[in-house]
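Overview (structure and organization)
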Amino acid sequence: MAPRLIITGSTGYIGARLAAMARERGFDVVELGRRPEAKWRIGDEPATSDLEGAAAVIHLAHSWATGAETAEENNINISGTVTLAKAAKAAGVRRFVFASSTSSRREALNVYGRTKFRIEQHLATSPAAPIVRIARIGLVYGGPRTAMFGLMAKLSVLSPLLPMIGLSRKVQPIHLDEVAAGLLALATDENQPPQTFVLAQERPISFAAWLRILRRSQGKGKLHFIPIPLAAALFACRMTKLVPLVPTVDPERVLGLAGAAPMESGESLKLLKLNLADPMTVLSQELGQKSEEPSRSEAGALLRYLGSTPTEAQLQRLSEGLRREGLAPLGLSPTLIKHPRLLALYEPPANRTQHRLAKALYLADLASEPERQRGQKAGLFDAILTIGTDILLLPLRALLARRYR
Amino acid sequence: MNRPDADFIIIGSGPAGVSAAFPLVAAGRRVLMLDAGNDAGSQEESRSARVLGADLEALQVDDGSSPKLQTPVSRGILERFRGNSGITGSGFTPIGSLARGGLSNIWGAQISFLDAEDIADWPIDIASLQRSYQRISERIGISRNSNSTRSAHGEPVLPLGATAAHVLHRNTVTKPANGSFRLFPAINAILSEARPGRAACDLSGDCLYGCPTGAIYNSRQDVLQLRKSPHFRLLDNMRAVSLRRDAAWTVGTADGSSFSAPRIILAAGVLGTAALLANHLPIEEQGLRLLNSPTLAIPLLSPARLLRSSTPTHSLAQLGLSLRYGDRPSDYVTGAIYEVGSLPAQSFINRMPLGRRAGRAAFETIGGSLLVATIYYPGDQSRSYIHRDATTGKSLTIRGGFAEGFDIRVDALKKALRREWKRLGLIQLPGASLAEPGIDAHFAGTLPMGAPGPFGTSADGELNLHSGLHIVDGSIIPDLSSKYITMTIMANADRIAHRLAETEAKPAS
Ligand SMILES: Cc1cc2nc3c(=O)[nH]c(=O)nc-3n(C[C@H](O)[C@H](O)[C@H](O)COP(=O)(O)OP(=O)(O)OC[C@H]3O[C@@H](n4cnc5c(N)ncnc54)[C@H](O)[C@@H]3O)c2cc1C
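Residues numbered from 1 in each chain as written. Chains lettered and ligands numbered in written order. Predicted model: local features only at pLDDT ≥ 70, side-chain atom pairs only at ≥ 80, totals over all residues. Heavy atoms only, no water.

**A short note on the overall build of chain B**
Here is the rule: Secondary structure elements are taken from DSSP: a helix is a run of H or I of four residues or more, a strand is a run of E of two residues or more, and numbering for both begins at the N terminus. What the globule rule says is 2.2 Å times the number of residues to the power 0.38, and the radius of gyration is computed from C-alpha atoms. Classification of residues uses two cut-offs on accessible area relative to the type maximum, computed with a 1.4 Å probe and protein chains only: under 20% is buried, over 50% is exposed, and between them is partly exposed. Contacts were defined at the residue level, with two residues in contact if any of their heavy atoms lie within 4.5 Å. Working definition of accessibility: Shrake-Rupley area with a 1.4 Å probe, residue cover restricted to the visible protein chains.
Each helix and strand in chain B was counted, giving 12 helices and 23 strands. A compact globule built from 509 residues would reach a C-alpha radius of gyration of about 23 Å, and chain B, at 23 Å, matches this within 12%. If you line up chain B on its principal axes, its C-alpha atoms span 75 × 50 × 45 Å. In chain B, buried positions account for 59% of the 509 residues. The contacts in chain B between residues at least 6 apart in sequence include a share of 72% that link residues at least 24 apart. Here chain B displays about 19900 Å² of accessible surface, and carbon together with sulfur accounts for 53% of that area.

Dropping the structure here:
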C-alpha cells in the first residue's frame, strides 16, 4: 500500500506543488485544511482517524487571521501547530515537518518572522519534539506566478524604474520544485537528523539583484531603483488604507523586506542531496516559455488586424521576428488581443518607424507576405472606409499611440 | 618552371567573366575561372525563404534603401563584398559582390544596345561590337514586353502590364512635344520560352526575390554550361588577393593558394578589379576616375487607370524610355518605367503617413495605377574618384559627387519630363529622389580602352605596361552613356575573348 502523507495548506503556492509531486512519486496524499469538505482548520484538534497510519505530516498552513500585534503570544498559528504536532505524535506518525522561514528570528521586524520563530521554540519543547523536523525556507520562486513570487515577477517588469525599499536586503532564492523535493525528503527519509534545515541558495544576493534577475529573465532590459526609506514606505502603507479604491498594502509585507540576515544552508542542502539550479537559467526558461504565449497571441492579433487569417507559419515567423527585434511581448491588453480591430485606435502612422507598435505591424505585414495572393483587392467601399477612419481618428490616435510606444 | 595551370585565368564569374570564357573554351583554350563566391544559390527554396530569408533576415526593420537592395537575396549577394573588399564610400555607396554570378544575381535584366555614335571615341568599330551583341543575345535569351493586343512578329514577348500598356498607347496617339522623347516596351533578359535548364517566366511577379524559375538571366546559369567543357575549370571560394608577374602571371588567393597562367583576365567587376589592381597602379592624390550614372526615381499616377485591375506580369521594367532635353551630347537620359502594383507593398507603406492597415488598403486600391520611372544620366554627370588610404596604402575609399552644373541640368530635365508626363496623362507625385552616387551600380571608365599611360588599356583590354594582364569588365568601357551597361560589358568581353582566341597561344595538342 502507498505510504500516506498528510499535507496542510495544500492549496497554497508551495502546498499545491508539493501535493502534486508527492502523488507523482506514489504517495497517498491526504490534504488537510481549506477545502470545501475539510473538517480541519488550524487551531482545531484533528480527528485521530485522519492521522493514523500516515508516514508523515507536512505542515504548511498558516493563518493570517490574527493580524493584531498584541495577539502574538496567543497567536493561533503557535497553538494550532503545537496541537497538530502533538496529535500526530499521539497517532503514531513518524515525522512532523514544519515549514518555517529564513525570516524566522526572535527579533524579526515583522510578525510573521517572529511567529515562525516562536512556533519553532514551542515545538522544540513540546512532547512532539522527537518527530519534528523544521525547514526554514528561503525566497521561493518559479512555477505559477502567484503569491509573493507572482507579485515580484510583475513588479520587476512594470517599469525600468522602481521605487523600492530594502534593496540591500539579502535574499536566498530557491525554486518551488526544490522546496517541494526538500520537504518530501524530510518527510520520508528515515536517516535525517532531528535538526533545523535551511532550504535556500547558499550564496545570498541583494534584493535589488534578485529583481533584476526577474526582469532580465522576462526578456526586459536594465532595472533602476529609487530607494525609499522604510519609514516613508510604512507611512505610505498606512495611507493606502485611508484612500478609497487604492489596493491596500499590508505593512507586514513591507517589514518582511526590510531586514534579515542570511542563513547558512550548505550543510542542509548536502544532507538532503539538493543541488540548487541557477535561478537566472531556470527563470529564463520558465518565464520565457510563458511569455511565448502572450507573444503568440499578440502576433495573431497583429496579423488579424492587417486582415489576414493567420497561418501557423505566419504566427511562428512573426513571434520569432518580434522576439528578435525586442518587441515581444508588446504588452497588448487582453481586449485588444480579443478584438484586434480596436488596434486602429492605437496605431501610429506607418512612417513612425521607431514606434514599437508601428514596427510590430510592419513585421506582421512582412511575415504574411509569402502567402499573400497577388491582385487580391479589398472592395473600394471598404478601402475608403478604412482610409477615411484612419484620417478621422488621427488626433485621437496621436494621443493613444503613446500607450504602446 | 612548373607547367601553368591554364592558358587563361579568369577572375570573376559575373556577366563579364563568363562572356570572356565562352569564346576561349570554344577555341580549345584551357580556362581556369576563380571566383570568390560559391554555388550556394537560393533557387529552389520555398517562397517563404526567398521572401523572408532562410533565417528570417528580412524581419529586420527597413533600412531605408531601395526595396531591391533590401531583399534577402540582395543582402546575401552584397554583404560579403561590403565586409571583405576593403572598399568604403564617402558620399558614395560601393556596390559589388563576392558571389558566384556577381551582381547578375540581383540585376534588373534591362538591356540596351549602344550605337555607332555612342562608341565614337572607342578604339573599336561598331560592327565587331554588334556581332558580339548578337552572340550574347542568343546565348542569354532576350524578350521584349509587348502589348498583348498587338500581334508580335514571332519574336519572343512577355505580357505588358496593363497600366504600362495604357501609357504606351497614349504615347502613340498623342503628338510628342518634340521628337526627343522615346517610349517603348522594355527589352529584358527574361525568357518567355523555356530553354534547357531554365523555365519561361511564370509571371508570378517574384522577380525581386531571386527568380525561382531561372527565367531572368544570371551568369551562374552560364557557369553550368561552361562546366560541361573539358577545357573549363571553375574554382569556387577563391578570392584573388594578389597578382604577380615573373615568366607568367601568378594569382594569389585569400586561402594561400596560387595559380599561374601566361594571361590573366580580370572580370571582378569595376570595383573588384580596382581593388585587385590597387598595388599595380600609381593612384596618386587625385584618385582613380570612376564613372557612374546618377539616377533619379520619379513616382507617377495614371488617373485613367485608377481602380482597374492589373495584368499578371513580371515585376521588372515594363517600359524603356529615353529623352534628349538639351543641346549638349550628354543632355540625354535613359530610363525605365515599373508598375508599382507588382512590387512588394511594405516598403511603400513604410513611407506613408497613414496607419498600416489603411496604408495597405490605399496601396491595394491605387497601387495598380502607380508607376515609378527610374532615370539614368550618362557617366560624365558624375564626379567620383577612388582613393587609396594614405596611411595604410591599402584600403580604398570612393568619394562620390556630381558634375559641375548638374543641379541646373536636373531642373531642365525635370521640366522636360513634366511635359511628357502631362502628354501621357500621368501626374507626377511628390517624392522624386536623386540617389546617392553608386546605388546605380553602373560603373565604368577606370582603365579606359585606348587611353595612354598607366591607367589605359589596349583595344584588347590589356593594361598598359602590364602585358598579359587583360581586363574585360566595365573598367575598360571608355565612357558611360546613360544606357544600361551590362549587355555592352558582356559584348565587349566576348569581342576581346574572340580576339585573344585568334591571336594567342594555340592549344597545345
Ligand atoms: C540592383 C541592381 C540592378 C541592376 N540592374 C541592371 C539592369 O537592369 N541592366 C544592366 O545593364 N545592369 C544592371 N545592373 C548592373 C549589373 O549587375 C552589372 O553591370 C554587372 O553585373 C557587371 O558584371 P561584371 O561581370 O562586370 O561584374 P559582377 O557582376 O560584379 O561580377 C564580379 C564577379 O567577380 C567576382 N570577384 C570579385 N572580386 C573577386 C576576387 N578578388 N577574387 C575572385 N573573384 C572575385 C565576384 O564574386 C563576381 O562573381 C544592376 C545592378 C544592381 C546591383
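**Here's the deal with the overall build of chain A**
Counting its regular elements, chain A contains 15 helices and 12 strands. Within chain A, buried positions represent 50% of all 405 residues. Taking the intrachain contacts of chain A between residues at least 6 apart in sequence as the baseline, contacts between residues at least 24 apart amount to 77%. Accessible surface for chain A amounts to roughly 19800 Å². Of this, 57% is attributable to carbon and sulfur atoms.

**Points about the interface of chain B and chain A**
Stated precisely, the cut-off is as follows: Between Lys or Arg on one side and Asp or Glu on the other, a salt bridge is scored when a side-chain nitrogen of the former is within 4 Å of a carboxyl oxygen of the latter. Here a polar contact means two N or O atoms within 3.5 Å. Within protein one must be a hydrogen donor candidate and the other an acceptor candidate, and residues neighboring in sequence count only if both atoms are side-chain atoms.
Between chain B and chain A, the contact holds 37 residues from the first and 37 residues from the second. When the shortest N-O distance is used, the salt bridge between Arg356(B) and Asp365(A) registers 3.0 Å. At the junction of chain B and chain A, the tally comes to 11 residue pairs in polar contact (both at pLDDT 80 or more). Of all the secondary-structure elements, those providing two or more residues to the side of chain B that touches chain A are α2 (47-52), α9 (346-349) and α10 (356-366) of chain B.

**Points about the pattern of salt bridges**
Evaluated as defined, the whole model comprises 28 salt bridges over all chains. Here Asp115(B) makes a salt bridge to Lys483(B), at a shortest N to O gap of 3.7 Å. With Asp115(B) in the loop between β3 (87-90) and α5 (126-140) and Lys483(B) in the loop between β23 (469-471) and α12 (486-503), this pair connects stretches of sequence that are 368 residues apart. Under the relative-accessibility criterion, Lys483(B) is labelled buried at 12%. A salt bridge links Arg328(B) to Asp331(B); its shortest N-O distance comes to 3.4 Å. Under the relative-accessibility criterion, Arg328(B) is labelled partly exposed at 39%. Linked through salt bridges whose partners overlap, the residues forming this network are Asp365(A), Arg356(B), Arg360(B) and Glu364(B).

**Examining the packing of aromatic side chains**
Residues and elements named next belong to chain B. As a reminder, the rule being used: Stacked, tilted and edge-to-face pairs are distinguished by plane angle, under 30 degrees for stacked and over 60 for edge-to-face with tilted covering the rest, among Phe, Tyr and Trp rings (Trp via its six-membered ring) whose centres lie within 6.5 Å.
Scanning the model with the defined rule gives 9 aromatic pairs over all chains in all. Between Phe113 and Tyr133, the ring centres sit 5.0 Å apart and the planes meet at 90 degrees, which makes this aromatic pair edge-to-face. With Phe113 in the loop between β3 and α5 and Tyr133 in helix α5, this residue pair connects regions lying 20 residues apart in the sequence. The class of Tyr133 is buried, set by a relative accessible area of 4%. An aromatic cluster is present here, built from Tyr377, Phe402 and Phe406 joined pairwise through their rings.

**As for the pairing of strand β2 (residues 28-32) of chain A**
Residue and element names in this part refer to chain A. Using the following cut-off: Between any two strands, at least two bridges found by DSSP are needed for them to pair. Handedness of a crossover is defined as follows: with both strands directed away from the viewer, a clockwise route from the first strand across the helix to the second makes it right-handed.
Summarising the sheet, strand β1 (residues 4-8) and β2 pair through 5 bridges and their orientation is parallel. In the sheet register, Thr8 faces β2, and the bridge partner there is Leu32. Viewed along the sheet, the connection from β1 through helix α1 (residues 13-24) into β2 turns out right-handed.

**Concerning the site of the ligand**
All names here are of chain B. This is how the line gets drawn: What makes a residue near a molecule or strand is one non-hydrogen atom of that residue sitting within 4 Å of it. Note that Gly is not counted as nonpolar here; it falls among the polar residues with everything else outside the nonpolar set of Ala, Val, Leu, Ile, Met, Phe, Trp, Tyr, Cys and Pro and the charged set of Asp, Glu, Lys and Arg.
What surrounds the ligand is a group of 37 residues, the closest being Asp35, Leu103, Gly108, Ala240 and Thr486. Calculation on the ligand without its partners gives an accessible area of 990 Å², and the protein chains cover 94% of this total. Elements with a minimum of two residues in the shell around the ligand: α1 (15-26), α3 (67-70) and α12. Its residues assigned to classes, the shell around the ligand shows 21 nonpolar, 12 polar and 4 charged.

**Structural notes on α1(B)**
All names here are of chain B. Selection rule: By definition here, a helix of n residues has an expected span of 1.5 Å times n minus one.
Given a rise of 1.5 Å per residue, 12 residues ought to cover 16 Å, and the 17 Å separating the end C-alpha atoms of α1 matches this to within 8%. Along α1, the positions that sit buried rather than exposed are Pro15, Ala16, Gly17, Val18, Ser19, Ala20, Ala21, Pro23, Leu24 and Val25. Looking one or two residues past α1, Gly28 carries a phi angle of roughly 85 degrees, positive in sign.

**A look at the side chain of Gln381(B)**
By the secondary structure assignment, Gln381(B) is in the loop between β17 (370-376) and β18 (384-388). Once you skip the residues sitting within four places of it in the chain, Gln381(B) turns out to touch Pro294(B), Arg328(B), Ser330(B), Phe402(B), Ala403(B), Phe406(B) and Arg409(B).

**Remarks on the environment of Pro329(B)**
Within the secondary structure layout, Pro329(B) lies in the loop between β15 (319-324) and β16 (332-339). For the pair Pro329(B) and Arg351(B), spaced 22 residues apart in sequence, the C-alpha to C-alpha distance is 37 Å.

**Considerations on the environment of Ala26(B)**
Residues and elements named next belong to chain B. Mapped onto the elements of the fold, Ala26 is located in helix α1. Judged by relative accessible area, Ala26 falls into the exposed class, the value being 69%. Placed 81 residues apart in sequence, Ala26 and Trp107 show a C-alpha to C-alpha distance of 27 Å.

**So, the pairing of strand β7 (residues 161-164) of chain A**
Residue and element names in this part refer to chain A. Every second residue of β7 is oriented toward a common face, the buried set being Leu162 and Met164 and the non-buried set Leu161 and Pro163. Here β7 runs beside strand β12 (residues 224-227); their pairing, made up of 4 bridges, is parallel. Opposite Leu161, over in β12, you have His224 as the bridge partner.

**Comments concerning the sheet that holds strand β4 (residues 143-146) of chain B**
Residues and elements named next belong to chain B. Judged by pairing direction, the sheet is mixed, and its 3 strands sit side by side in the order β5-β4-β7 without closing on themselves. Every interior strand has two partners, whereas the edge strands, β5 (157-159) and β7 (187-188), have only one. Both β4 and β7 contribute to a ladder of 2 bridges, which runs antiparallel. Its bridge partner being in β7, Arg144 is matched across the sheet by Ile187.

**Some thoughts on α10(B)**
By the criterion of burial, α10(B) is predominantly enclosed, with 9 of the 11 residues buried. If you check which residues of α10(B) are buried, you get Arg356(B), Arg357(B), Ala358(B), Gly359(B), Arg360(B), Ala361(B), Ala362(B), Phe363(B) and Thr365(B).

**Structural notes on the packing of α1(B) against helix α7 (residues 219-226) of chain B**
Residue and element names in this part refer to chain B. Formally: Fitted lines through C-alpha atoms serve as axes, helices being fitted only where they are in contact, and the angles separating the N-to-C directions of these axes extend from 0 to 180 degrees. For classification purposes, angles smaller than 35 degrees are called roughly parallel, those larger than 145 roughly antiparallel, those between 65 and 115 roughly perpendicular, and all remaining angles oblique. The sense of a crossing depends on the near helix, which, turned anticlockwise from the far helix by less than a right angle, makes the crossing left-handed and, turned clockwise, makes it right-handed.
Viewed as axis vectors pointing N to C, α1 and α7 meet at an angle of 25 degrees, and their least axial separation amounts to 9 Å. As judged from the angle between their axes, α1 and α7 are roughly parallel. The handedness of the crossing between α1 and α7 is left-handed. Between α1 and α7, the contacting residues are Pro15, Val18, Ala21, Phe22 and Val25 on the first element and Ser219, Asp222, Val223, Gln225 and Leu226 on the second. Across the contact of α1 with α7, the residue classes tally to 7 nonpolar, 2 polar and 1 charged.

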